[in-house]
Amino acid sequence: MFINLLRENKISAAILTIIRLYLGYAWFTAGFGKITGGFDASGYLANAVANPVKGPDGNMVYGWYVNFLEGVALPNIELFNFLVP
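Conventions we followed
Residues numbered from 1 in each chain as written. Predicted model: local features only at pLDDT ≥ 70, side-chain atom pairs only at ≥ 80, totals over all residues. Heavy atoms only, no water. Core = buried A, V, L, I, M, F, W, Y, C linked by side-chain atoms within 4.5 Å. Buried < 20%, exposed > 50% of the residue type's maximum accessible area, 1.4 Å probe, protein only. Contact = heavy atoms within 4.5 Å. Helix = DSSP H or I, 4+ residues; strand = E, 2+ residues; numbered from the N terminus. Phe/Tyr/Trp six-rings, centres within 6.5 Å; stacked < 30°, edge-to-face > 60°. Expected span 1.5 Å × (residues − 1). Patch = residues over 30% accessible without salt bridge, like charges linked within 9 Å, V, L, I, M, F, W, Y side chains within 5 Å. Areas by Shrake-Rupley, 256 points an atom, 1.4 Å probe, with all protein chains shown as cover. Salt bridge = Lys/Arg side-chain N within 4 Å of Asp/Glu carboxyl O. Arc of directions from axis to C-beta.

A. Region of interest: the nonpolar core. A41, L45, A48, V49, V66, L69, A73 and I77 together form the largest nonpolar core, which totals eight residues. Leaving out residues up to four positions away in the same chain, I77 has contacts with A41, S42 and L45.

In structure tokens:
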């Protein structure tokens, strides 16, 4: 029923079109900025390693991700800086 409303109602179609255009523009400009203005993930990755996600008991929740960042991503940061954009 809700899907039919979104498909058949012209007002909801117009609202969804505006949302799609806005998101498309935002994602395009963000991606274009990464390609033309340079991209450096080293600060983000170093911060993710220094401040891992911890559960209520204080233990790391995603220890495997921190190990991946330390062992693979940070040593090969030039490759990641090329691949992300």
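B. Summary view of the environment of F32. Counting through the fold element by element, F32 comes out in helix α2 (residues 10-36). Residue classification places F32 among the partly exposed residues on the basis of a relative accessible area of 47%. Residues F32 and Y44, spaced 12 residues apart in sequence, show a C-alpha to C-alpha distance of 19 Å.

C. Spotlight on the packing of aromatic side chains. Applying the stated criterion across every chain, the model contains three aromatic pairs. Here F28 and F32 contribute two aromatic rings whose centre-to-centre distance is 5.9 Å and whose plane-to-plane angle is 15°, an arrangement assigned as stacked. With a gap of four residues between them, F28 and F32 both fall in helix α2, about one helical turn apart. Ring centres of W64 and Y65 lie 5.9 Å apart, and the angle between their planes is 70°; this geometry places the pair in the edge-to-face category. We classify W64 as exposed; its relative accessible area is 62%. On the accessibility criterion, Y65 (31% relative accessible area) is partly exposed.

D. Here's a closer look at the environment of I18. As for its position among the elements, I18 is in helix α2. Residue class for I18 comes out exposed when judged on its relative accessible area of 58%. For I18 and M1, which are 17 residues apart along the polypeptide, the C-alpha to C-alpha distance reads 22 Å.

E. Quick look at α2. When the terminal C-alpha atoms of α2 are compared, their 38 Å separation across 27 residues agrees well with the 39 Å that a helix rising 1.5 Å per residue should span. Of the residues flanking the end of α2, it is G38, one or two places downstream, whose phi is positive at about 90°.

F. Region of the structure containing a nonpolar patch on the surface. The grouping of Y44, V53, V61, Y62, W64, Y65, F68 and V72 at the surface amounts to a nonpolar patch, some 820 Å² of accessible area in total. A per-element tally of the nonpolar patch places helix α4 (residues 63-73) first, with four residues. For V61, the position within the fold is in the loop between α3 (42-50) and α4. Looking at V61, the relative accessible area reads 42%, which means it is partly exposed.

G. Inspection of α4 at higher detail. When α4 is considered as a whole, its buried residues turn out to be G63, V66, L69 and A73. End-on, the buried residues of α4 take up no more than an arc of 165°, which puts them together on one face. Along its buried surface, α4 packs onto α3 and α5 (77-83).

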